[in-house]
Amino acid sequence: MPVRAVSGRGGNMIGRFPSLKMRRMIAFESLIEQDYLFLLDFDLDVASFCEQPVQIEYVWEGKVLHYTPDFHVIRSMGEEYVECKPQKQVDRAENQRKFRAAREWCQQQGFQYYVVTDDVIRSGHRLNNIKLLTRHARVHFPPDLRQQTICLLQPLQFPQSLGNVAKRLRPEQLELSVSLLLHLAYHHQIQLEIDQEPISMATMIQFSEYSA
């Protein structure tokens, strides 16, 4: 659980992100953090995460100071603490001191520490595509409808375009079919290419090993 409440004291945007993975609202202190939460929530390698996870104590010029990383992330291969920062602020002396203290603390605990910038989080098409998938993931589809769709997909030959598969599933309800396919893609039951270009009806679908 968070060790402190989020704050907008610096004029930053604060809010709460409705995490599908964690099934609770996750507090964030900037739009960069909010964008990073979209990536964490979608990432199959991420088992869990929490915000404002620990207070790290360090000494600077004889003063005891404290620093709280933005997120604690548990992945399949280990744990990490993450700071989200604008690229233009990374080299500031105050931030470098905090990062150094965090790296030393994480090394002692056997964890990894990363500074993730807006340039990295927002590069390419991945983030915007995940935001699109997230919108459809939050649509409620009855479990029997999802399972029926998986059964209809299994005999098809892949890869095929999103538009072609949607037409084959329910040609009279194309919008529903597309939304349901994007819902399944978010939950890794089908696979879409999300890094190279925006998702469209021409995006190719692969049937996922996680659908069984």
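Let us look at the structure shown here. (Residues numbered from 1 in each chain as written. Predicted model: local features only at pLDDT ≥ 70, side-chain atom pairs only at ≥ 80, totals over all residues. Heavy atoms only, no water.)

Another point: the packing of helix 1 (residues 31-42) against helix 4 (residues 126-137). Their axes nearest at 10 Å, the elements helix 1 and helix 4 cross at an angle of 65 degrees. Classified by the interaxial angle, the pair formed by helix 1 and helix 4 is roughly perpendicular. The interaxial crossing formed by helix 1 with helix 4 has left-handed handedness. Facing Asp35, Phe38, Leu39 and Phe42 of helix 1, the residues of helix 4 in contact are Arg126, Leu127, Ile130, Lys131, Leu133 and Thr134. The residue makeup of the contact of helix 1 with helix 4, split by class, is six nonpolar, one polar and three charged. (Axes fitted to C-alpha atoms, helices over the stretch in contact; angles between N-to-C directions. Helix = DSSP H or I, 4+ residues; strand = E, 2+ residues; numbered from the N terminus. Parallel < 35°, antiparallel > 145°, perpendicular 65-115°, else oblique. Left-handed = near helix turned anticlockwise from the far one by under 90°. Contact = heavy atoms within 4.5 Å. Nonpolar A, V, L, I, M, F, W, Y, C, P; charged D, E, K, R; others polar.)

Moving on, we come to the sheet that holds strand 8 (residues 112-117). One open sheet holds the four strands; their spatial order is 3-6-7-8, and the pairing between them is mixed. Of all the strands in the sheet, just strand 3 (46-51) and strand 8 have a single pairing partner and so form its edges. Neighbouring strand axes in the sheet, compared pairwise and without regard to direction, differ in orientation by 25 degrees on average. Bridge analysis of strand 3 against strand 6 (residues 71-75) gives five bridges, and the strand direction is antiparallel. Residue Val46 lies in a different strand from strand 6, and its bridge partner there is Arg75. In the packing of helix 2 (residues 93-109) onto the sheet, the strands contacted are strand 7 (78-85) and strand 8, and the crossing angle to strand 8 comes to about 150 degrees. (Pairing = 2+ DSSP bridges.)

Mapped onto the fold, Thr134 is located in helix 4. Take Thr134: its relative accessible area is 2%, and that puts it in the buried class. Once residues within four sequence positions are removed from consideration, Thr134 is found in contact with Phe38 and Tyr186. (Buried < 20%, exposed > 50% of the residue type's maximum accessible area, 1.4 Å probe, protein only.)

Here the focus is the pattern of salt bridges. Tallied over the full model, the rule gives nine salt bridges. Of the charged contacts in the structure, one is a salt bridge between Arg75 and Asp43, with a shortest N-O distance of 3.0 Å. Here Asp43 lies in the loop between helix 1 and strand 3 and Arg75 lies in strand 6, a separation of 32 residues in the sequence. In this structure, Asp45 engages Arg75 in a salt bridge whose closest nitrogen and oxygen atoms are separated by 3.5 Å. (Salt bridge = Lys/Arg side-chain N within 4 Å of Asp/Glu carboxyl O.)

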